[in-house]
Amino acid sequence: MQELGALLALALRNLELYEAMSLANRALQESSEFKDDLLAMLAHDFKGPLTVILGYCELLMETTTESREEIETVYSQTNRLVRLSDDALVLAQTQAEGFSLARTTVDLGSFVAECVEATAPNNPRLSVEIAPEQIVVDLDPHRFRHVIDNLVSNALKYSTDAVHVRVRPVEDRVTIEVVDRGIGIPKAELANLFTRFGRASNARDKGIAGSGIGLYVARKIIEVHGGSIAVESRENEGSTFVVTLPRLSGQS
Ligand code: ADP
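None of the values given here were measured: they were computed from a predicted structure.

What counts, and at which threshold
- Residues numbered from 1 in each chain as written.
- Predicted model: local features only at pLDDT ≥ 70, side-chain atom pairs only at ≥ 80, totals over all residues.
- Heavy atoms only, no water.
- Helix = DSSP H or I, 4+ residues; strand = E, 2+ residues; numbered from the N terminus.
- Rg over C-alpha atoms; globule rule 2.2 N^0.38 Å.
- Buried < 20%, exposed > 50% of the residue type's maximum accessible area, 1.4 Å probe, protein only.
- Pairing = 2+ DSSP bridges.
- Contact = heavy atoms within 4.5 Å.
- Near = heavy atom within 4 Å.
- Polar contact = N/O pair within 3.5 Å; in protein donor to acceptor, adjacent residues only side chain to side chain.
- Areas by Shrake-Rupley, 256 points an atom, 1.4 Å probe, with all protein chains shown as cover.
- Nonpolar A, V, L, I, M, F, W, Y, C, P; charged D, E, K, R; others polar.
- Core = buried A, V, L, I, M, F, W, Y, C linked by side-chain atoms within 4.5 Å.
- Expected span 1.5 Å × (residues − 1).
- Axes fitted to C-alpha atoms, helices over the stretch in contact; angles between N-to-C directions.
- Parallel < 35°, antiparallel > 145°, perpendicular 65-115°, else oblique.
- Left-handed = near helix turned anticlockwise from the far one by under 90°.

S.K.: Where do I start with the overall build of the chain in this structure?
M.R.: The helix and strand tally for the chain stands at six helices and seven strands. N-terminal to C-terminal, the α/β element order of the chain is α-α-β-α-β-β-α-β-β-α-α-β-β. Computed over the C-alpha atoms, the radius of gyration of the chain is 23 Å, more than 25% above the 18 Å expected from 2.2 N^0.38 for a compact globule of 252 residues. Dimensions of the chain, computed from C-alpha atoms along their principal axes, come out at roughly 90 × 50 × 40 Å.

Written out as structure tokens, the structure reads:
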């Protein structure tokens, strides 16, 4: 009888603990959802004013000859903020359940060429090589533009030399390679770059600004498309980021 009483007390205590844990869990989930919503809202609302600043900078760059360097600095720094808010928005969306895609059939070669040009218009450091045959993929253009933009901006940021972008078919898949001859990445840190806030020590040591969310967000977007991303790199020699995507069935 005494044993039964002790067991009952234990069961009641377990029930209390379970309820306390469920409450704490719910509070945590609510605060995490609140954080994601806040991040999404801030990222979204930041973009409006930043786009206005970019528009005025473009106007000034076309019409003014004075203070050109200063205007260009404001322009490129504002562009950085736009990229950061884009990353933060996608980051918040990837944390929420049901990260959805609006897929459409796309000619990957011309799509990539267009994204590269939009990231850095008329940049003499950039070249794009597209396989002659048409490569059709099923992707969400809005989200995927973000991936190309991140990889090309990184290649330009972490190198001072030429950057080459290549699109070619490999059996039933297609690869997009972004090649630079920049600072490279220490071997031991390669895998860490695709995690949230992952940055390489050499980028930090050189004082190159960054948030470490771009590649994480890029990986998430690529993975929901059924693809993958990898990097080959040698420190002080350069890096090649390779995105692999499935081609639309029926072509190879
Ligand atoms: P950010 O550049 O804003 O820090 P990313 O997530 O885009 O964020 O990149 C993560 C890290 O990967 C960078 O901080 C840098 O250390 C490294 N990295 C990315 N691209 C390159 C590159 N092309 N060359 C050298 N290092 C790179």
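Let's pick the thread back up.
S.K.: Just checking my understanding: could you explain the pairing of strand β5 (residues 173-180) for this structure?
M.R.: For a regular strand, side-chain orientation follows a simple rule: the groups alternate between the two sheet faces. Here β5 lies mainly inside the structure; six of its eight residues are buried. Between the antiparallel neighbours strand β4 (residues 163-170) and β5 lie two residues, among them Glu171 with a positive phi of about 55°. Note: β5 against strand β7 (residues 238-246), eight bridges, orientation antiparallel. When the sheet's bridge partners are listed, Thr175 is paired in β7 with Thr244.

S.K.: For this particular structure, what's the right way to read helix α6 (residues 214-224)?
M.R.: Think of an α-helix as 3.6 residues a turn; residues three or four steps apart then line up on the same face. Of all the residues in α6, the buried ones are Gly214, Leu215, Tyr216, Val217, Ala218, Ile221 and Ile222. Buried residues along α6 sit against α2 (68-95), α4 (141-157), β6 (228-234) and β7. Just downstream of α6, Gly226 is the residue with a positive phi angle, here 80°.

S.K.: What is the right way to read the site of the ligand from this model?
M.R.: Within the structure, the ligand sits among 21 residues, and Asn154, Tyr158, Arg199, Ser211 and Leu215 are positioned closest to it. A distance of 3.1 Å separates an oxygen atom of the ligand from a polar side-chain atom of Lys157. Coverage of the ligand by the protein amounts to 97% of the 530 Å² it exposes when considered alone. Of all the secondary structure elements, the ones that give two or more residues to the shell around the ligand are α4, α6 and β7. Its residues assigned to classes, the shell around the ligand comprises 10 nonpolar, eight polar and three charged.

S.K.: Is there a simple way to think about the nonpolar core in this case?
M.R.: Grouped together as the largest cluster of nonpolar side chains are 45 residues, with contacts concentrated most on Leu108, Val112, Phe144 and Ile176. Broken down by element, this core gets its largest block of residues, seven residues, from α4. Setting aside anything within four residues of it in sequence, one finds Ile176 in contact with Leu108, Val112, Phe144, Ile148, Val165, Arg166, Val167, Phe241, Val242 and Val243.

S.K.: Which parts of the structure should I look at to understand unusual backbone geometry?
M.R.: What is expected of a backbone is that most residues other than glycine have negative phi and most peptide bonds are trans. Backbone geometry places Asn122, a non-glycine residue, at a positive phi of 55°. Position of Asn122 among the secondary structure elements: in the loop between α3 (108-119) and β2 (126-130). Residue Asn122 is classed as exposed on the basis of its relative accessible area of 67%. Positive phi outside glycine occurs at Phe197, with the angle close to 65°.

S.K.: Which parts of the structure should I look at to understand α2?
M.R.: If you check α2, its first and last C-alpha atoms are 41 Å apart, about what 28 residues at 1.5 Å a residue would give, namely 40 Å. Residues Ile71, Thr78, Val82, Ser85, Asp86, Asp87, Ala88, Leu89, Val90, Leu91, Ala92 and Thr94 constitute the buried set of α2.

S.K.: I tried to follow the side chain of Thr175 on my own but got confused; where do I start?
M.R.: Considering the arrangement of structural elements, one finds Thr175 in strand β5. Residue classification places Thr175 among the buried residues on the basis of a relative accessible area of 10%. If sequence neighbours within four positions are ignored, Thr175 has contacts with Arg166, Val167, Arg168, Val170, Val242, Val243 and Thr244.

S.K.: Even after reading the chapter, I still don't get the packing of α2 against α6, so can you show me in this structure?
M.R.: A pair of packed helices is characterised by two quantities: the angle between their axes and the separation of those axes. Between α2 and α6, the shortest axis-to-axis distance is 10 Å and the interhelical angle comes to 50°. Comparing their axes, α6 and α2 come out oblique. The crossing of α2 and α6 is left-handed. From α2, Asp87, Val90, Leu91, Thr94 and Gln95 reach across to α6, where they touch Gly214, Tyr216, Val217, Lys220 and Ile221. Split into classes, the residues belonging to the contact of α2 with α6 amount to five nonpolar, three polar and two charged.

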